[in-house]
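Residue strings, one per chain:
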Amino acid sequence: MSNVYEERATMIAAGELQLFVPFGREHCKNHPNAVNLQLRQLQPASELWSSDGAAGLVGSLQEVSLQERQKESWQLRKGSTVTTDEAEYEEELYVAGHMVIWSRGSKSQASYVYKAFTVDSLVQQALWCNFTVPQSRKDEKDIIEQSVCIVQSMCVNVHTVSGKDFISPLPFQVSTLWPTKFGLLFERKNVTSDAPMSPTREPLPTLFSMLHPLDEIAPVVCKSTGLFETVRLQYVSDSALRVVFSCEEPSIIMTYDALQCTHTVWALRKVTPEEQSTVLKCPGPDGPAPTPMAAHSFLGTHLRNVTRLDSPGSPLHCHALHNQSRVPSSPSLHSRAHSPNISNMAALSRAHSPGIAAPSFTGGQRFNISCHSPSARGHSLLASPNSTLNETALLPEMEPILPDLCIEQLWTETTTTHREKSCQASKVFITSDLCESRYLCFLVESHQQLRCVKFLEGNETNQLIFASVTTIPAKDAAPLEDIDALLVLETNGSLVLYTGVTRVSKVIVRCLSPNFSLPNHLPPLNTPLENVSTPAKATVQHISRLEEADMPSPVSEVRSSVQHHESSWLDDSPFQQAAPHIQALRDPVSNRVTLELSSGLMQRITVPEVATSELVKRCLQAIRFILPKDTAMKVLVKWYNIYNAPGGPSMHQEWNLFVTCFMTLMGYNTERLAWTRNLHFEVPLSPVIAPKKARPADTGSDEDWAYLCASDYHCQALEHPVAGLPGLEPAAPPVGMEDGGPVAGLEPSALLFPHIPSLFYVLHLLYEDLKLDELQRSGARALVSLLQQLARDLQLEEYIDLYWRDYPSFIKTFKEACVIDQAQMGLMNWPAYLRSEVPCVFGWLSDCLRGQDVPPFPYLPSICERTKLLVLSYALYVVGDENAVSANVSKYLSRLSAGQKKGFSEPALRRQSSIKPSAPSGCLAEKLVLWLTSAGFMLKDLESVPFGVALPIRDAISQCREHPCSDWSEEVCALIGRQDLTKQAHKVSLAKGKPMVGLNVPLEPPVTNEADEEEDGMADLHPEVTGLIWSQDLRLQEVRRLLQSSRPVRVNVPHLPEVSDHEYIEEKENKLLQLCQRTMALPVGRGLFTLFSYHPVPTEPLPVPKLNLTGRAPPRNTMVDLNSGNIDVPPNMTSWPSFHNGVAAGLKIAPASQVESAWIAYNKPKSAELANEYAGFLMALGLNGHLTKLATLNIHDYLTKGHEMTSIGLLLGVSAAKLGTMDMSITRLLSIHIPALLPPTSTELDVPHSVQVAAVVGIGLVYQGTGHRHNAEVLLAEIGRPPGPEMEYCTDRESYSLAAGLALGMVCLGHGSNLIGMTDLNVPEQLYQYMVGGHRRTHAGINREKHKSPSYQIKEGDTINVDVTCPGATLALAMIYLKTNNRSIADWLKAPDTMFLLDFIKPEFLLLRTLARCIIMWDEILPNEEWVTSNVPQIIQENIGLQEEALVSEDLNMETLVQAHDYIIAGACMAVGFRFAGSANLDAFECLYKFARNFMQSLTTTTTSAATVSGPYNLQTCLSMVLLATSMVMAGSGNLKVLQLCRFLHKRTVGEMNYGFHMAHHMALGLLFLGGGRYTLSTSNSAIAALLCALYPHFPAHSTDNRYHLQALRHLCVLAAEPRLLVPVDVDTLKPCYAMLDVTYKETQWYDETTVELMAPTMLPELHLLKQIKVKGPRYWELNIDLSKGTQHLQSILSRDGVLYVKLRAGQLPYKDDPRGWKSLLAPTVNNRNPEVRTFKPEAISTFTSDAALVSFAEYFCKASENMKHKQETVALFSAILYECVTQENPEMLPTHISIDQAVKALERGELSETFCLWQMKLVLELCESGVLQQRLRDTRRQSRGLLLSSEFLPVMKSSADRALDRWLCDNSRALQAYVSGQPTNEDADTSMLACFLVYHSIPSFRKMANTELEESSSFPELLLKFSQLGVPVRALLRLSPLLLHVGVSGSGLPF
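Criteria and cut-off values
- Residues numbered from 1 in each chain as written.
- Predicted model: local features only at pLDDT ≥ 70, side-chain atom pairs only at ≥ 80, totals over all residues.
- Heavy atoms only, no water.
- Helix = DSSP H or I, 4+ residues; strand = E, 2+ residues; numbered from the N terminus.
- Buried < 20%, exposed > 50% of the residue type's maximum accessible area, 1.4 Å probe, protein only.
- Areas by Shrake-Rupley, 256 points an atom, 1.4 Å probe, with all protein chains shown as cover.
- Pairing = 2+ DSSP bridges.
- Salt bridge = Lys/Arg side-chain N within 4 Å of Asp/Glu carboxyl O.
- Phe/Tyr/Trp six-rings, centres within 6.5 Å; stacked < 30°, edge-to-face > 60°.
- Polar contact = N/O pair within 3.5 Å; in protein donor to acceptor, adjacent residues only side chain to side chain.
- Contact = heavy atoms within 4.5 Å.
- Axes fitted to C-alpha atoms, helices over the stretch in contact; angles between N-to-C directions.
- Parallel < 35°, antiparallel > 145°, perpendicular 65-115°, else oblique.
- Left-handed = near helix turned anticlockwise from the far one by under 90°.
- Nonpolar A, V, L, I, M, F, W, Y, C, P; charged D, E, K, R; others polar.
- Expected span 1.5 Å × (residues − 1).
- Lys, Arg positive; Asp, Glu negative; His and termini not counted.
- Core = buried A, V, L, I, M, F, W, Y, C linked by side-chain atoms within 4.5 Å.

### Let's talk about the overall build of the protein chain
Across its full length, the protein chain carries 75 helices and 45 strands. Classification of the 1952 residues of the protein chain by burial places 55% in the buried group. When the accessible area of the protein chain is evaluated, it comes to approximately 84,100 Å², of which 55% is carbon and sulfur surface.

Rendered as structure tokens:
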């Protein structure tokens, strides 16, 4: 036995006590801090790395580290993690010199450096602080930034965990910083010069706050109550006030007043607006003296000046109020608080004014004059002529700084005598005791006292009430928060544990001196005998011994020589000989604390916990809940003393110890009860509970022998040989309850004796709660033995009956009872609730299911949480009370009123009930699931709920799984087991790199080899998705082939014999030049094709495919080059194409990518010839929104280079990125480039013309849709700006005028006639004039001067040149009146209907006018041929068909008519394209396609006169526009017919085919496959404006042509693109797949609400047209996205690559593998219901489910192996169950099925020793018969299936159970009869089956039946009536009635 004892004792001590050295200290030695670096510079490297391992360095470090050591400091705290799973750890913040080291470590992991900081000057203080970043939106929670603050003399560095760094300069010297809930508090250092101030000056505030490192430092306001209870508000300006403590929760600070020697507690809170205004208004308490205001203005303006000169810190402006009078012994009458100080002198000194003498921060070094006498200082302050004071005082007063925080006085220490006046508290902390009272404790070292102030939370939210003060004599103290205790170091040096102010016990720590190779014959320690722990001394708490740690004292570390003699060591440190004693405690974290010893060492000890076993913890909680506070405290202290070693070998033993302790406290003699006597303890216990597990001591005592003699072990040993020792029971247990006779009485004087009934009740409720947790069943069984004993002794038969029904065979073994006589019973407090119905949770749930009225179920708040959860779930779902979890909680739950009213449980209940489930209408199942999630209930919790209880919840879950809401939170989706929704809700932010698992792996397309792959720039599309969209053909490869520009082009020219070689070469080069026109136009289309498809790697530059303008001539593949000099190549031919190439490369970058400013600059090419490409790249970054990240400095840098292309790209890019924001900085940037926006006096800047065009369009983009008046006015004037004297203006004027028109249209986009404040500009009239011509109006503009001089090339006079202004004005009108359906404006734009007027207008302007008119009349556009031709005027329609006949009258110009007709048709087609952009509307497509074919035929067949009359150029233009319109409608769809048209036109390189037409055709191709099929066009106003800019119908004639339209604007159509591709992704394989969608359109004026079926991946229509989207079954789980609630959810899905997670249902195959659904495993079972199909092969399981557990279940339980031959039917049953669960898709029901099967089998064998599983079985059956289910089955509209359990399985099980019980009843009817009549049962009868019968048939206890007088009933109807009152089902009554009626008639129980 002694071995056990020894082993246990050593186990306690091991590892508990360790030497403590701050981790940072070790780390600092190796850290390359400033000192080390200086030393290394001093010494040559050879010395440093000499063979003795840097000994030289150590030597020179010697003095340094001694000084550093004194400055070191550190603090520890409990690691705060966001995730709860992480193990608990400690964090240390260590400060030494210039370094701060933040480290972490835990029991399982050694300490490691988390962050290390080195700063420039000495660190004064380092602290942790949490800053709150308030969110802009109301509903979002504020973000809390955890950070570490490092204080230096001039500034505070703040480093947050998320990686942000801030530096806040300090405007004054700071003494201390304090972390608070709101931010930092600064305490200003008291500079001596404050004291002798002249009385006229006000003192400055001493306490300041900073809510965030970017906020200003503001003074703190103080609200104090004075003597006469007047509340006063003022700044904290009393220099005698010092802060000693600050706390975040509750938000309080504690200050010490040095003059009055008192401590005060203040509440710290945000200041209210009233308080702000009060403080800023009132001049001061001393009456309206002028001085304070002067002081304010002086201080405010002065400090602002200072900070402006000296630091970026916040200017301070404070009003300080100070009351001169002091009243002793009262709370001081003036402001108090703690924080950094502003000394006005110090502040002045920072203005660097040499005329003022003042102490500066660094002492006096900054100034030569030092002042000592107040008079000299006063003189220099106010009268010195060269001081800054005079100037600053004359400045106007600046706005004051508003205070942020206010401190409000809560409590002030009262002192009666002078002796009690305390010094400043050296340590303050908040602790709570075991009963959850909270204390604020402060240690006053001068009195060696710890003063504890108890405080409570008041009724108002954050009001604290401070109660009594208790003093504890103490030298030092430290709180142990984990065990609600504090450790006190008493004056005599011993450690004592207190909880609150209750003393628990001594803690003895034996510190042996560390033996550093000491001789072993040290004298023995002179320990007084009291300190030796022997088992008999009960005071002694747990002793832990210092494991001899071989640690040197700190002194030795600084020695220069390492080798010493042993003797020298002993001589040096004589104090090592005596035992060191504890000097102080520091760094408490949870239950660990560091002891500082007198030897200078530090030891860390762990104080043991209150309990480790879950069961004991919960019992203690319940006991604490019900008992009065003082009693509870005594019990807990008593228990803690007994159980004082951490852990213990097993939960079992700890429980035994608890039972013994608990029963003894109630007055039992545990020796007298057989079952408690036999509880096994490895350490024996005496009848009086002695302290267990004491330590072996060096010297024993006599009492130890007595202790052993009295021990339990001794008695047990004696019991065996001798049969009946006096006072001991005989070994044979007494027979029967009655026969045994009284065993023993209880001791009425015991502490808990009066509380036995209430304790019994709470433990019973705890037992009921444990029954609801499968994992706590063993705990319930342990608890039941204690409960049955109490129930017997309290004579509560109903409870005994309940326990017997739960554990029939177990309870039968207990027979003893202790007699408590009536008088003693009277001494107990019998709570009212004990006499009412016995709470049985299963019975309650069963009543619910049977639809009976249920009383509220009692529960213990925060202890029986599971009871509460399940009871309310049943109330909500089974009873069907929608408000069960909100308003009607009290109907179903009755909270037990505790012995001590605790405030914490009420709000918890309220809080949970206030979480209103988001769906008010939804069905009960939804409500239940949402409520469970809000209560924190997870799937893993559900698994531990017994299967019968859990079934309704599982039922609700499976209902929700069928029809979930798309916007449920991730937790709800996880609970209902929809992984697809969980993954969807778990927003996978694509910013973190690859967009998603499946979509970004580029599979190598089979067409090209890898070398080519790299360069064509189109390799990044998602082949998995595109392969699903276009699975039948290789159209994507074809598009890549058409759009690639990086390989040489094939130049095929036949060599005719008559052509000389030289001419042949020229011919080849001319052909190549023709082909190059096409190659140069390709990048525009490629940019659209690869839009947003690539996520760049931040470490690599963006790959840009090169623009290859060479050719290869067959047959020999010889090179053909344009640079040979044989033909003339236009200069700068490639500059714009390479710009487009750069744009195309940049547009590949997806908006979600991580792009930094540095990466953008890193892509800048080295060579100048690539500058154009980079310019395009910048524009592309603007279009995808990344250019906002480019630093302003870089933007400025690029613009100053003066490179024209770069300026264009940058200006357009920045404007597109800031679309519609009216950003001022961008406006300034653009204005510099637009002379019209500069003031008239500004210097003429030489801005290239195209840059001006870009800047004007930029203004339109930045101010899009804002209706900004000034810009509109300027742009209106610019449309018609006459050509100036500059020569080049007259050439490209058209593009400038067009740009101004487009910009004006964008600024007023869609405003129509509601242009606010622009009526005087007459915008529409002015535009009309620009459109049709007429006299120029006088310019009322700013630039009047510039318009004076006439043009030198065109004689315009004072008329408007319509050719220049018409396009801009037309498009401006179109955009201003876009979609307004304004008929009057539209009529202005009608094509003229007389020949005379037609002659006056350019035919191509007719295209613009028709387009403009149609998009104004937006709602009238119809997608058919009739509507398109209806736009052609009468005169043209009539005469166009008469061409062949000679009847054409003379005055008709046929050419004009035909051209007008063609252009008008093209314009109308464009309008259809805009109206149906991105819709893939079939009618629109067919209509446009037809017109495109018509134009095509006119072009290709040269015979028709139409081609000759209208001219190929015009036809080609019209064809290009119609083709663009068609691909706008089909954008992103990759339509094959359009692709064929584009391919046909791609091949035409002869004739009129110029650069511009190629650009148009390839843009059409790009739009058709926009973003690789993932993007399409929007028809929002903004998108249409962008498309109008990009698709302007005049394309450039050659690659340098920008005359009519700036080429760069072609790329703006990106702004109209939006992602609308929905890609279903299988959540298991993470691969894209097919899925059926139902898309429902909202009703509109053109069509009713319609639903279409689409096979996804598919393009969705525009979201505002849709009502809902639904993923259809039967292959995939259904999923509904309701768009009537808002489109944000769907938009976020589409923007993240459109990934919609779907989950395949069991047994189904994806569409790809099984298009028709004939291969599905469920298909054959439907056709033929033959029996072979039912027993399916277990091998097939893998096709149904990937769940490893199910697969292995099939493997091991469903295959008939050799040894299972006799268990064929079990195997068959398991196979059937498995098949059922998997095909019905609730695999989680498998355990339930098997449990039911096992329960029934056990029942048939009669082996049920506990009725637990029978209860569950009964609940399952009752659920099946319950009203809820019947109702649902009747309700055929929702084709919902019945219960989760299969229809065949349950009836079979039910009948088996019924049969087994009926069989038993036949044989044992007497046992039942005896029970019913209340007679004692026969001893050897099988009572467990009786209990099963009673449970299964819901038969009430015999006491209840006796009360209803069943005996008198003579007929069945009477019985039926009485039993229905008891709630017994009829089927049970049918079995009972023969017995009862026989009993009633003859009194003899006949068998039947």
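### Remarks on the pairing of strand β19 (residues 405–412)
Summarising burial for β19: six of the eight residues are buried, a large majority. In terms of strand pairing, strand β14 (residues 221–225) meets β19 through three bridges, oriented parallel. Paired with K223 across the bridge in β19 is E408. The sheet contact formed by strand β18 (residues 262–270) and β19 spans seven bridges and is antiparallel.

### Examining the pattern of salt bridges
Going through the model one piece at a time under the given rule, you end up with 51 salt bridges. Its salt-bridge partner being K223, residue E275 comes within 3.6 Å of it at the nearest N-O pair. One end of the pair, E275, is in helix α6 (residues 273–281); the other, K223, is in strand β14, and 52 residues separate them in sequence. Judged by its relative accessible area of 22%, K223 is partly exposed.

### Looking at the packing of aromatic side chains
All chains considered together, the criterion is met by 34 aromatic pairs. Here the aromatic rings of F658 and F662 are separated by 5.4 Å at their centres, their planes lie at 10°, and the arrangement is stacked. Of the two residues, F658 and F662 both sit in helix α15 (residues 651–665), four residues apart, roughly one turn of that helix. With relative accessibility at 1%, the residue F662 sits in the buried group. When the ring of F1753 is compared with that of F1757, the centres are 5.1 Å apart and the planes differ by 20°; the resulting orientation is stacked.

### Overview of the sheet that holds strand β36 (residues 1118–1120)
With mixed pairing, the three strands of this open sheet are ordered in space as β34-β35-β36. Two strands in the sheet have a free side with no partner beyond their single neighbour: β34 (1049–1050) and β36.

### Side note on the side chain of N1184
One can find N1184 in the loop between α40 (1171–1183) and α41 (1192–1200). Of the polar contacts made by the side chain of N1184, one reaches the backbone oxygen of G1146; its length is 3.2 Å. Not counting residues within four places of it along the chain, the set of residues in contact with N1184 comprises F1092, G1146, L1147, I1149 and P1151.

### Notes on the pairing of strand β25 (residues 485–489)
Within β25, five of the five residues are buried, which leaves it mostly tucked inside the rest of the structure. Every second residue of β25 is oriented toward a common face, with A485, L487 and L489 on one face and L486 and V488 on the other, all of them buried. The pairing of strand β24 (residues 476–480) with β25 spans five bridges and is antiparallel. Following the sheet pairing, P479 is matched in β25 by L486. What sits between β24 and β25 in their antiparallel hairpin is a turn of four residues, with D484 showing a positive phi close to 50°. Alignment of β25 against strand β26 (residues 495–499), held across four bridges, turns out to be antiparallel. Opposite L487, over in β26, you have L497 as the bridge partner. Count of turn residues in the β25/β26 antiparallel hairpin: five residues, of which G493 carries a positive phi of about 95°.

### Section: helix α45 (residues 1269–1279)
The buried fraction of α45 is high, at eight of eleven residues. Taken together, the buried positions of α45 are N1271, A1272, V1274, L1275, L1276, A1277, E1278 and I1279. If you follow the buried residues of α45, they end up packed against α44 (1249–1262), α46 (1293–1307), α47 (1323–1332) and α48 (1362–1376).

### Quick word on the packing of helix α25 (residues 841–849) against helix α68 (residues 1812–1825)
The contact between α25 and α68 brings their axes to 9 Å, and the two run at 15°. Looking at the two axes, α25 sits roughly parallel to α68. Crossing angle aside, the handedness with which α25 passes α68 is left-handed. Residues F842, G843, L845, S846 and L849 of α25 lie in contact with α68, whose contacting residues are F1812, W1815, Q1816, K1818, L1819, E1822 and L1823. Residue classes in the contact of α25 with α68 are distributed as seven nonpolar, three polar and two charged.

### Remarks on the packing of α25 against helix α26 (residues 865–877)
When two helices pack together, you describe them by how their axes are tilted relative to each other and by the distance separating the axes. Relative orientation of the contacting elements α25 and α26 amounts to 10°, with a least axis distance of 10 Å. Compared by their axis directions, α25 and α26 come out roughly parallel. Contacts between α25 and α26 involve V841, W844, L845, C848 and L849 on the former and, on the latter, T867, L870, V871 and Y874. Broken down by class, the residue content of the contact of α25 with α26 amounts to eight nonpolar, one polar and no charged.

### A look at the sheet that holds strand β20 (residues 427–432)
Strand order in the open sheet formed by four strands is β20-β21-β22-β23, and the pairing between neighbours is antiparallel. Looking at which strands have only one partner, the edges of the open sheet turn out to be β20 and β23 (464–473). With direction set aside, neighbouring strand axes in the sheet form an average angle of 25°. For strand β21 (residues 438–444) and strand β22 (residues 449–457), the ladder comprises seven bridges, and the chain directions are antiparallel. In the sheet register, C441 faces β22, and the bridge partner there is C452.

### Examining helix α54 (residues 1454–1475)
When the terminal C-alpha atoms of α54 are compared, their 32 Å separation across 22 residues agrees well with the 32 Å that a helix rising 1.5 Å per residue should span. Most of α54 sits out of view: 20 of its 22 residues are buried. Residue N1453 occupies the N-cap position of α54, its side-chain oxygen lying 3.0 Å from the main-chain nitrogen of E1455.

### A closer look at the side chain of D1626
Looking at the element boundaries, D1626 is found in strand β39 (residues 1621–1626). In this structure, D1626 is buried with no salt-bridge partner, the nearest side chain bearing the opposite charge being K1703 at 6.6 Å. Among the polar contacts listed, one links the side chain of D1626 to the backbone nitrogen of D1628, at a separation of 2.8 Å. The contacts of D1626, once residues within four sequence positions are left out, are K1631, C1633, V1702 and L1704.

### Some details on the nonpolar core
When a protein is soluble and globular, its nonpolar side chains tend to lie buried together. Grouped together as the largest cluster of nonpolar side chains are 232 residues, with contacts concentrated most on L487, W639, W655, F760, L786, I1669 and I1796. It is helix α20 (residues 756–771) that provides the largest number of residues to this core, a total of ten residues. Leave out the neighbours within four places in its chain, and F760 touches L787, L790, A791, L794, L796, Y799, Y803 and L834. Core analysis: the next-biggest nonpolar cluster, separate from the first, contains 214 residues, M1179, I1195, M1306 and L1452 among them.

### With respect to the environment of P250
Mapped onto the elements, P250 comes out in the loop between β16 (241–247) and β17 (252–257). Judged by its relative accessible area of 8%, P250 is buried. Sequence spacing of P250 and Q463 is 213 residues, and the spatial spacing of their C-alpha atoms is 9.4 Å. With sequence-adjacent residues up to four places away left out, P250 is seen in contact with I430, R438, F455 and L464.

### Some remarks on the environment of I407
Mapping I407 onto the fold places it in strand β19. Looking at I407, the relative accessible area reads 0%, which means it is buried. Spatially, the C-alpha atoms of I407 and V265 are 9.2 Å apart, while their sequence positions differ by 142 residues.

### Structural notes on unusual backbone geometry
Put simply, P1114 and P1115 share a cis peptide bond, and its omega is 0°. When you line up the elements, P1115 lands in the loop between β35 (1111–1113) and β36. For the bond from A1656 to P1657, the omega torsion is 10°, close enough to zero to count as cis. Positionally, P1657 belongs in the loop between β41 (1650–1656) and β42 (1658–1659). Look at Q795: it is not a glycine, yet its phi comes out positive at around 55°. Although it is not a glycine, L1630 sits at a positive phi angle of roughly 60°. Note that L1630 resides in the loop between β39 and β40 (1635–1641).

### Quick look at the environment of L896
With respect to the element layout, L896 can be found in the loop between β33 (893–895) and α28 (905–914). The spatial distance from the C-alpha of L896 to the C-alpha of Y859 is 6.1 Å, given a sequence separation of 37 residues. Aside from chain neighbours lying at most four places away, what touches L896 is F625, I626, Y761, V762, L765, Y833, Y859, L860 and P861.

Shape descriptors only; they carry no functional weight alone.
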